[in-house]
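Summary of structural features
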Amino acid sequence: MKRIWIKIIAFFPLGDVTVLIADGRALCKRGSVRKLLLSELTDLARSNQISDGCIHISSTDNAGCKLSFYGIPVNQHQRLRNVWAANWR
């Protein structure tokens, strides 16, 4: 049931970029993301047993990004932010 809700949330336009984690694999659903970033997110999801989740990324005024997580444990949020910050450009 959780998997269905995560997929529904991924289709809402809640950010400029949407990354869906399905079966431990990161897929870009909206916007464009580098292949290296998707590969790193996939590795992180598999090593931390994150099977399903959604990340919405919105641009902020000061050239930064705001990441919103759905279905991902709170203790993994900072790791995902670190991977995003290191690989998004």
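It should be emphasised that the depicted structure is a prediction, and the values quoted were computed from it without experimental measurement. (Residues numbered from 1 in each chain as written. Predicted model: local features only at pLDDT ≥ 70, side-chain atom pairs only at ≥ 80, totals over all residues. Heavy atoms only, no water.)

**Focus on the side chain of Asn48**
Structurally, the position occupied by Asn48 is in the loop between α2 (35–47) and β3 (52–59). Judged by its relative accessible area of 18%, Asn48 falls in the buried class. Side-chain polar atoms of Asn48 contact the side chain of Arg79, separated by 2.9 Å. What Asn48 contacts, discounting residues up to four positions off in sequence, is Gln76 and Arg79. (Helix = DSSP H or I, 4+ residues; strand = E, 2+ residues; numbered from the N terminus. Buried < 20%, exposed > 50% of the residue type's maximum accessible area, 1.4 Å probe, protein only. Polar contact = N/O pair within 3.5 Å; in protein donor to acceptor, adjacent residues only side chain to side chain. Contact = heavy atoms within 4.5 Å.)

**Regarding the packing of α2 against helix α3 (residues 77–87)**
Two elements in contact, α2 and α3, have axes separated by 9 Å at closest approach and are oriented at 160 degrees. When the axis of α2 is compared with that of α3, the two are roughly antiparallel. Note that α2 runs across α3; the crossing there is right-handed. Listed contacts from α3 to Leu36, Leu37, Glu40, Leu41 and Leu44 of α2 are Arg79, Leu80, Val83, Trp84 and Asn87. Class assignment for the residues of the contact of α2 with α3 results in seven nonpolar, one polar and two charged. (Axes fitted to C-alpha atoms, helices over the stretch in contact; angles between N-to-C directions. Parallel < 35°, antiparallel > 145°, perpendicular 65-115°, else oblique. Left-handed = near helix turned anticlockwise from the far one by under 90°. Nonpolar A, V, L, I, M, F, W, Y, C, P; charged D, E, K, R; others polar.)

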